[in-house]
Amino acid sequence: MIERRPFDKLGGANHGWLDAKHHFSFASYYDPNNMGWGSLRVWNDDWIAANSGFPPHPHADMEIITYVRTGAITHQDSMGNKGRTGAGDVQVMSAGTGVRHAEYNMEPEATTLFQIWIETDKRGAEPSWGARPFPKGERNGRFAVLASGVEGDEDALPINAKARVLGATLKAGESLTYELDAGRHGYLVPAVGAVEINGVRIGARDGAAIKDEPSLTITALEDAELVMVDSR
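Numbers given for residues are sequential positions, taken from 1 along each chain in its written order. Local features are withheld for residues below a pLDDT of 70 in this predicted model, meaning they are given only at 70 or higher, and side-chain atom pairs are given and counted only at 80 or more; totals for whole chains, interfaces and linings count all residues. Computation of side-chain values: all heavy atoms of the structure, hydrogens and water removed.

**Comments concerning a negative patch on the surface**
This is how it is decided: The residues that make up patches have over 30% relative accessible area and no salt bridge, and they are joined within 9 Å when like-charged or within 5 Å when they are Val, Leu, Ile, Met, Phe, Trp or Tyr. Surface exposure here means Shrake-Rupley accessible area, sampled with a 1.4 Å probe, where a residue is shielded only by the protein chains that are shown. A pair is scored as a salt bridge if a Lys or Arg side-chain nitrogen falls within 4 Å of a carboxyl oxygen belonging to Asp or Glu. Positive charges come from Lys and Arg, negative ones from Asp and Glu, while His and the chain ends are left out of the count. To locate a charge, the coordinates of NZ of Lys, CZ of Arg, CG of Asp or CD of Glu are taken. Three exposure classes are used, based on accessible area relative to the maximum for each residue type with a 1.4 Å probe and protein chains only: buried under 20%, partly exposed in between, and exposed over 50%.
Residues Glu138, Glu151, Glu154 and Asp155 make up a contiguous surface patch of negative charge. Residue glutamate 138 is classed as partly exposed on the basis of its relative accessible area, which comes to 34%.

**Describing the packing of aromatic side chains**
Stated formally: When two rings of Phe, Tyr or Trp (its six-membered ring) have centres within 6.5 Å they constitute a pair, described as stacked for plane angles under 30 degrees, edge-to-face for angles over 60, and tilted for the intermediate range. By definition, any uninterrupted DSSP run of H or I lasting at least four residues is a helix, any uninterrupted run of E lasting at least two residues is a strand, and each is numbered from the N terminus. Our definition puts a charge over a ring when NZ of Lys or CZ of Arg is within 6 Å of the ring centre and also within 35 degrees of the ring normal.
Tallied over the entire structure, the rule returns seven aromatic pairs. Between the aromatic rings of tryptophan 17 and phenylalanine 54, the centroid separation amounts to 5.2 Å while the plane-to-plane angle is 80°, which identifies the pairing as edge-to-face. Of the two residues, tryptophan 17 is situated in the loop between β2 (11-14) and β3 (18-22) and phenylalanine 54 in strand β5 (residues 52-59); the sequence distance between them amounts to 37 residues. Each ring, one from tryptophan 43 and one from tyrosine 187, has its centre 5.6 Å from the other, and the planes form 50°; the classification is tilted. A residue pair is termed long-range when its members are at least 10 positions apart, and tryptophan 43 in strand β4 (residues 40-48) and tyrosine 187 in strand β17 (residues 185-192) qualify at 144 residues. A network of ring pairs unites the aromatic residues Phe24, Trp43, Tyr67, Phe114 and Tyr187 as a single cluster. If you follow arginine 5 out to its NZ or CZ, it ends over the ring of tryptophan 37, 5.6 Å from the centre. Taking the ring centre of phenylalanine 134 as reference, the NZ or CZ of arginine 132 above it sits at 4.0 Å.

**Focus: the side chain of asparagine 105**
Threshold: Counting of polar contacts relies on pairs of N or O atoms within 3.5 Å, with two restrictions inside protein: one atom must be capable of donating a hydrogen and the other of accepting it, and residues adjacent in sequence are counted only when both atoms are side-chain atoms. We call two residues in contact whenever any of their non-hydrogen atoms come within 4.5 Å of each other.
Relative to the helices and strands, asparagine 105 resides in strand β10 (residues 99-105). Polar contacts involving the side chain of asparagine 105 include one to the main-chain amide nitrogen of glutamate 107, which spans 3.0 Å. Side-chain polar atoms of asparagine 105 contact the backbone oxygen of glutamate 109, separated by 3.0 Å. When sequence neighbours within four positions are dropped, the list of residues in contact with asparagine 105 reads Ile48, Ala49, Ala50, Asn51, Ser52, Gly53, Ala72, Ile73, Ala110 and Thr111.

**Some words on the nonpolar core**
In plain terms, the rule: The set of buried Ala, Val, Leu, Ile, Met, Phe, Trp, Tyr and Cys residues whose side-chain atoms join them within 4.5 Å is what this entry labels a nonpolar core.
In this structure, Trp43, Ile65, Ile116 and Ile118 are the most contacted members of the largest nonpolar core, which totals 26 residues. Going through the elements one at a time, β4, β6 (62-70), β9 (90-94), β11 (111-119), β13 (144-148), β17 and β22 (224-231) are the ones with two or more residues in this core. With 20 residues, the next largest nonpolar core counts Ala168, Tyr178, Ala208 and Leu226 among its residues.

**Here we look at the sheet that holds β6**
The cut-off we apply is this: Strands are labelled as partners when DSSP assigns at least two bridges between them. Interaxial angle, 0 to 180 degrees, is taken between N-to-C directions of lines fitted to C-alpha atoms, where a helix line uses only the stretch in contact.
Within the open sheet, the seven strands sit side by side as β2-β3-β4-β11-β6-β9-β12. Their pairing is antiparallel. The sheet terminates laterally at β2 and β12 (128-132), the two strands that pair on one side only. Taking each pair of neighbouring strands and ignoring which way they run, the sheet shows an average axis angle of 15°.

**Details of the environment of glutamate 154**
Relative to the assigned elements, glutamate 154 resides in the loop between β13 and β14 (157-158). Among the residues examined, glutamate 154 registers a relative accessible area of 62% and is labelled exposed. For the pair glutamate 154 and valine 42, spaced 112 residues apart in the sequence, the C-alpha separation amounts to 24 Å.

**Describing unusual backbone geometry**
One non-glycine residue with positive phi stands out, namely aspartate 61, at about 50°. By relative accessible area, which is 16% here, aspartate 61 ends up buried. Phi angles above zero are rare outside glycine, and arginine 205 is one such case at about 70°. By the element assignment, arginine 205 lies in the loop between β19 (200-202) and β20 (207-211).

**Brief notes about the sheet that holds strand β16 (residues 175-179)**
Reading across the sheet, the four strands line up as β16-β21-β18-β19 and stay open at both edges, with antiparallel pairing between neighbours. Of all the strands in the sheet, the pair left with one neighbour each is β16 and β19. Each strand axis lies, on average, 25° off the axis of its neighbour in the sheet, ignoring direction. Where β16 meets strand β21 (residues 215-220), five bridges bridge the pair, whose relative direction is antiparallel. Bridging from a neighbouring strand, glutamate 179 pairs with serine 215 of β21.

Structural data, given as structure tokens:
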């Protein structure tokens, strides 16, 4: 099953400094039939104005992954971490027993990003934060694992969930394949470009909710940048 979630049908809210689209129920957007996909709980598509951002606020027992599409985000937290994550790169915060953090766009232009929350498998864990660049050359024509709690994915940023966050870039006409194990849920969003997944067309910033599809063939209809979560 591959269900297209059109971008123009997503919930959302525009706060002026923040224009957010929600793939799943979040904040003031509530749909009891759309509370997540597998252990994927939140996928927000955020536009953040220059010199603005999220002031300090708390989280606990959630794996929070930020994929920056354009611009950059600057992170600060109660553990003493501070870092800037630029376009195409990823940061991960395991909220664990509790952490306060702020996320600011300190750039002279707007920043766009995907904010992804995955339910933790380790409640009460020690909180942590990490970020790293992922050169786009590593993702040309194939998925690179950006964040993972799956054994064997040691090159990825670690999370406390049996899930993977993957990224790929495809030129128009190129294809890649991905095996989705039985019982797993896939959720794919093209940050840029349109693709077909097993023949189903998914446009830029649409969501594709996938299950019971053992093998995925993803073909770019135009140059595309993909982000996907594979979760329980």
